[in-house]
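What follows is each chain in one-letter form.
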Amino acid sequence: MDVRLIAFDLDGTTLVRHQFISEANQRALREAARRGMVLVPASGRMKDFLPQEITSLPGVRYAITANGAGVYDLETGQAVWQCLIPNEKARQVQALLSEYDIFVEYYDGGRAITRRGDPERAVAHFGIPESKLHFLTKDYRLEEELGEALGATGLQPEKINLPYIPSEAMRQELWQRLEGLGGLTVTSSIPDNLEINAAGADKGAALQALAGRLGIPQAGVMALGDNGNDVTMLRYAGVSVCMGDGSEEAKAAAKYLTGPHTEDGLAQAIERFAFA
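Residues numbered from 1 in each chain as written. Predicted model: local features only at pLDDT ≥ 70, side-chain atom pairs only at ≥ 80, totals over all residues. Heavy atoms only, no water.

(A) Inspection of the side chain of Gln94 at higher detail. Examined against the element boundaries, Gln94 turns out to sit in helix α3 (residues 87-97). Take Gln94: its relative accessible area is 11%, and that puts it in the buried class. Contacts of Gln94, omitting those with residues within four sequence positions, involve Val104, Tyr106, Leu146, Gly147 and Leu150. (Helix = DSSP H or I, 4+ residues; strand = E, 2+ residues; numbered from the N terminus. Buried < 20%, exposed > 50% of the residue type's maximum accessible area, 1.4 Å probe, protein only. Contact = heavy atoms within 4.5 Å.)

Here is the structure:
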């Protein structure tokens, strides 16, 4: 297989416990770069929350962020492709979310925005598990009220993120109500979250746009992922691989399966398909 670009999800694919990359995965990615392959992190995370261990890898210049809403040139910090939520639609979403007592954050230009005081109340008030607190260590821009900020600034978010929803019933209710607004893509990357993007913003569309920019054909693109927000890029890539412990919808979208992400499934897949 003539793989020229490798797009890889982070949480549940490349990283273990959302923070750590194994030596085997590092070796495989570094060897791919040595062989001239372009490495592209493809994450639901915003640009400024990509781990330095990932962005410092050789071969990483571009990153697909916020589920595909923003493709960034990491050398310049500038977006080379975007698909943002229109301000009016974001205001509709916020009006709906204000009916629920949940943690809400917005991604804008690679940074995160949330309500003042909410990060400090994450555990005691919102019940966010200790295992997820790493996701709240962002350098937030703080606003008194998110709805007022949307109206005052005209913000068009890359993504609206609900990092923790306390019950499956609430999660399903929110998912249905958000989809009912129209003009949105609602996905999930872990079982108790929801991620809201503009319709047309997904990892597959972003990957296709970046590959076209770089002159790389679809057949030369490899994608690795594990969950719902990876489905579109797994469907697009010429070589697509789902982690062995991935979701059923991600497995159905991928052409191949590899080992679990906790057992270096990414390294196994790169060695098998990109180095063959």
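(B) Structural context of the pairing of strand β6 (residues 70-73). Where burial is concerned, the two faces of β6 agree: the one with Gly70 and Tyr72 and the one with Val71 and Asp73 are both buried. Hairpin connection between strand β5 (residues 62-65) and β6: a loop of four residues separates the two successive antiparallel strands, and Ala66 in this loop has a positive phi of roughly 50°. Both β6 and strand β7 (residues 78-82) contribute to a ladder of four bridges, which runs antiparallel. Its bridge partner being in β7, Asp73 is matched across the sheet by Gln78. Taken together, β6 and the strand that follows it, β7, pair antiparallel across an intervening segment of four residues, in which Gly77 is found at a positive phi of about 80°. (Pairing = 2+ DSSP bridges.)

(C) Up close: the side chain of Thr13. Checked against the element boundaries, Thr13 lands in the loop between β1 (5-8) and β2 (15-16). Within polar-contact distance, the side chain of Thr13 engages the side chain of Asp9 at 2.8 Å. Excluding residues that lie within four positions of it along the chain, Thr13 makes contacts with Asn25, Leu224, Gly225, Asp226, Met243, His261 and Leu266. (Polar contact = N/O pair within 3.5 Å; in protein donor to acceptor, adjacent residues only side chain to side chain.)

(D) Summary view of the packing of aromatic side chains. A full pass over the atoms with the stated rule returns four aromatic pairs. Taken together, a centroid distance of 5.8 Å and an interplanar angle of 85° make the contact between Phe103 and Phe126 edge-to-face. Residue Phe103 is located in the loop between α3 and β8 (105-108), and its partner Phe126 is located in the loop between β9 (111-115) and β10 (141-143); the two are separated by 23 residues in the primary sequence. With relative accessibility at 7%, the residue Phe126 sits in the buried group. Ring geometry for Phe103 against Tyr140: centres 6.3 Å apart, planes inclined by 55°, an arrangement best described as tilted. Of the two residues, Phe103 is situated in the loop between α3 and β8 and Tyr140 in the loop between β9 and β10; the sequence distance between them amounts to 37 residues. Overall, Phe103 belongs to the buried group, its relative accessible area being 0%. Counting every residue linked through ring pairs, the aromatic cluster contains Phe103, Phe126 and Tyr140. For the cation-ring pair, Lys138 lies above Phe49, with the distance from its terminal atom to the ring centre recorded as 4.9 Å. (Phe/Tyr/Trp six-rings, centres within 6.5 Å; stacked < 30°, edge-to-face > 60°. Lys NZ or Arg CZ within 6 Å of the ring centre and 35° of its normal.)

(E) Structural context of the packing of helix α1 (residues 23-34) against helix α9 (residues 265-274). Two elements in contact, α1 and α9, have axes whose closest approach is 8 Å; the angle formed by their N-to-C orientations is 30°. Between α1 and α9, the angle is such that the two are roughly parallel. When the axes of α1 and α9 are compared, the crossing they make is left-handed. For the pair formed by α1 and α9, the contact residues are Ala24, Asn25, Ala28 and Leu29 on the first element and Leu266, Ala267 and Ile270 on the second. A breakdown of the residues in the contact of α1 with α9 according to their chemical character gives six nonpolar, one polar and no charged. (Axes fitted to C-alpha atoms, helices over the stretch in contact; angles between N-to-C directions. Parallel < 35°, antiparallel > 145°, perpendicular 65-115°, else oblique. Left-handed = near helix turned anticlockwise from the far one by under 90°. Nonpolar A, V, L, I, M, F, W, Y, C, P; charged D, E, K, R; others polar.)

(F) Representation of the pairing of strand β15 (residues 239-242) in the model. Neither face of β15 is left uncovered, since the one carrying Val239 and Val241 and the one carrying Ser240 and Cys242 both have all their residues buried. In this sheet, β15 lies alongside strand β14 (residues 221-225) in parallel orientation, the contact comprising four bridges. Opposite Leu224, over in β15, you have Val241 as the bridge partner. With respect to chirality, the unit in which β14 leads through helix α7 (residues 231-236) into the neighbouring parallel β15 is right-handed. Both β15 and strand β16 (residues 256-257) contribute to a ladder of two bridges, which runs parallel. Residue Val241 lies in a different strand from β16, and its bridge partner there is Tyr256. The parallel pair β15 and β16, bridged by helix α8 (residues 248-253), forms a crossover whose chirality is right-handed. (Right-handed = clockwise from strand over helix to strand, strands pointing away.)

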